[in-house]
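# Descriptive analysis of the structure
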Amino acid sequence: MPSATLRSRLIAMVAALVAVMIGSVAVISTRVAHYEIRKFDVEVRAGRPGAPVAIGDYYRAHGSWTGVGPVVDQAARAAGLDILLFDGQRRLVATSSAVWRDAHLDLSPDGTLAIERLTAAGNAHQLIRGPQMLVRDKAGNVAGSIFMLPLQSDAPELPATRSLDRSFFWTFLGATLFGILMAIAIARWISVPVERLTAAARRMESGDLTVRVEPAGGAELAELAHGFNAMAAALDRNEEQRRRMVSDVAHELRAPLTNIRCELESMQDGLTTPTQERIASLHDETMQLTRLVDDLQDLALAEAGRLEINAQPMAVSALARRAAAGMETRARDRGVNIQCDVSDDLVVLADARRAVQILTNLLANAVAHMEAQGEVRITWERSGGDAVIRVIDSGVGIPADELPRIFERFYRVDVSRSRATGGAGLGLPIVRQLVAAHGGRVWAESEVRKGSVFSFTLPISI
Ligand code: ADP
């Protein structure tokens, strides 16, 4: 399971990090503590009266180191330490223990003594900062350097360092356990929300679009959960829209198809005769079906972003006149007069055929919703880099609560009126898509029994 791998990797990573950190701190602090304890021990013993002072006295009395051996031994015994005496040329002159004679000793001019020797535990390297005492001749030159070291009867562990090591061990163990628990907690904190998201994604994959996840974990994981929920909601909405669209299309096709079928069957059965009038009515029904299919195709293309827009500079007045001319017969039949603005012309960047289609759809709605004889006007004005084009009618208007929904597919305020005019509720959605494809926007204002204003923008050609 991939999330189990994530969790175990997190645990391993955090635990390793904690162990390395605590381990290195433990090693360094143990070494430092050992060193400090030994140094402290040496300093305390070296501070005892008579320790290395006698060695200095010897040199001052004799003017050389010859025969200093017994004095060194005695001073070492008195101090309870090993003593190493180097002359002015940093050569070993005397030592209280044979251990140091076999060792390789190197005293550097800065007073650091490097010791390399074989012990029971193996090859030991030591660096000792010193010396603890310098002996000077009368002229003030260094005649001898005295180093005092813990007794080297192979340096038995001091009881103080042993108990310190024990407490270091337990602290280290406790901290490591705590680190592992922390690692498990952190891994759970990260992996549980990820596991939940994975499970939700799997459920969604198998078709359950209602699934949502509880935001948990850090801010980023909670954000991911919110994003997932938003995506699930959008998919759910789209799926619902798709279902509604299929059922709406079926519903819209059924009515004209049933009319045509009934009419044809009754002619077949000899119940009616195929008069010119009946054939014309059948033709109307098929034209309505053709329009519906064309509209659906336009909408599908536009929604898929595959509508070809061949934008050219076009005079708005020319577009308005073409749309008005196409609508003239229908308007005249209803006693409606279409008026085009006579104000300053504007040149927009638009696909002529699609722009006329936008205006035709808006004019068709305006004409269809005029209650009595009257006037429908097309106006335009400049607003920044856009032309705002309006189709204004004095028709039945649209109730305020319906207004936000009229650009939805298959939405009709007055179904019987729309059906009578052959509308399937696709005119405005197509307008919206066509306007958007030109980079513009469309909106409507309306007042019941006063009329409606549909406005849209098209970019002005520079
Ligand atoms: P249809 O093809 O049915 O006209 P539309 O998408 O063009 O569909 O319009 C949706 C609905 O908006 C229409 O059914 C109608 O009720 C309402 N509508 C559109 N334009 C107007 C208008 N100018 N006046 C009143 N109602 C309108």
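Use the structure listed above.
Residues numbered from 1 in each chain as written. Predicted model: local features only at pLDDT ≥ 70, side-chain atom pairs only at ≥ 80, totals over all residues. Heavy atoms only, no water.

## Some details on helix α6 (residues 219-268)
- Given a rise of 1.5 Å per residue, 50 residues ought to cover 74 Å, and the 72 Å separating the end C-alpha atoms of α6 matches this to within 8%.
- Following α6 by one or two positions, G270 has its phi on the positive side, about 75°. (Helix = DSSP H or I, 4+ residues; strand = E, 2+ residues; numbered from the N terminus. Expected span 1.5 Å × (residues − 1).)

## Here's the deal with the nonpolar core
- Counting residues in each nonpolar core, the largest one holds 56 residues, and the members touching the most others are I406 and F456.
- Element by element, the count of residues in this core is highest for helix α9 (residues 352-368), at ten residues.
- Both domains that meet at this core, namely domain 2 (218-303) and domain 3 (312-459), each give it at least three residues.
- Not counting chain neighbours up to four residues away, the residues in contact with I406 comprise I398, Y411, V413, L428, P429, A444 and F454.
- W65, L81, A143 and I146 belong to the second-largest nonpolar core, a separate cluster that totals 18 residues. (Core = buried A, V, L, I, M, F, W, Y, C linked by side-chain atoms within 4.5 Å. Buried < 20%, exposed > 50% of the residue type's maximum accessible area, 1.4 Å probe, protein only. Domains from an automatic or database assignment. Contact = heavy atoms within 4.5 Å.)

## Section: the sheet that holds strand β1 (residues 82-87)
- Taken in spatial order, the four strands make up an open sheet running β2-β1-β7-β6, and their pairing is antiparallel. Two strands bound the open sheet, and with one partner strand each, they are β2 (92-95) and β6 (133-136). The average angle at which neighbouring strand axes cross in this sheet is 20°, direction not considered.
- Summarising the sheet, β1 and strand β7 (residues 142-149) pair through six bridges and their orientation is antiparallel. Of the residues in β7, the one forming a bridge with D82 is L149.
- Sheet strands touched by helix α2 (residues 53-62): β1, β6 and β7. Its angle to β6, the strand with the most contacts, is close to 15°. (Pairing = 2+ DSSP bridges. Axes fitted to C-alpha atoms, helices over the stretch in contact; angles between N-to-C directions.)

## Overview of helix α7 (residues 276-303)
- With 28 residues, α7 extends 40 Å between its outermost C-alpha atoms, agreeing within 8% with the 40 Å of an ideal straight helix rising 1.5 Å per residue.
- Packed against the buried residues of α7 are α6, α9 and α11 (427-437).
- After α7 finishes, the residue G305 shows a positive phi value of roughly 70°.

## Description of the environment of G207
- Along the polypeptide, G207 turns up in the loop between α5 (159-205) and α6.
- Using a relative accessible area of 56% as the deciding quantity, one classes G207 as exposed.
- Taking the C-alpha atoms as reference points, G207 and P404, separated by 197 residues in sequence, lie 31 Å from one another.

## Description of the pattern of salt bridges
- Inspection of the entire model under this criterion finds 16 salt bridges.
- In this structure, R203 engages D208 in a salt bridge whose closest nitrogen and oxygen atoms are separated by 2.8 Å.
- When the shortest N-O distance is used, the salt bridge between R243 and E239 registers 3.6 Å. You can see R243 and its partner E239 sitting in helix α6, four residues apart, about one turn around the helix.
- The network of salt bridges with common partners includes E239, E240, R242 and R243. (Salt bridge = Lys/Arg side-chain N within 4 Å of Asp/Glu carboxyl O.)

## What to know about the side chain of T379
- Examined against the element boundaries, T379 turns out to sit in strand β11 (residues 374-383).
- Using a relative accessible area of 14% as the deciding quantity, one classes T379 as buried.

Purely geometric numbers; function is a separate question.
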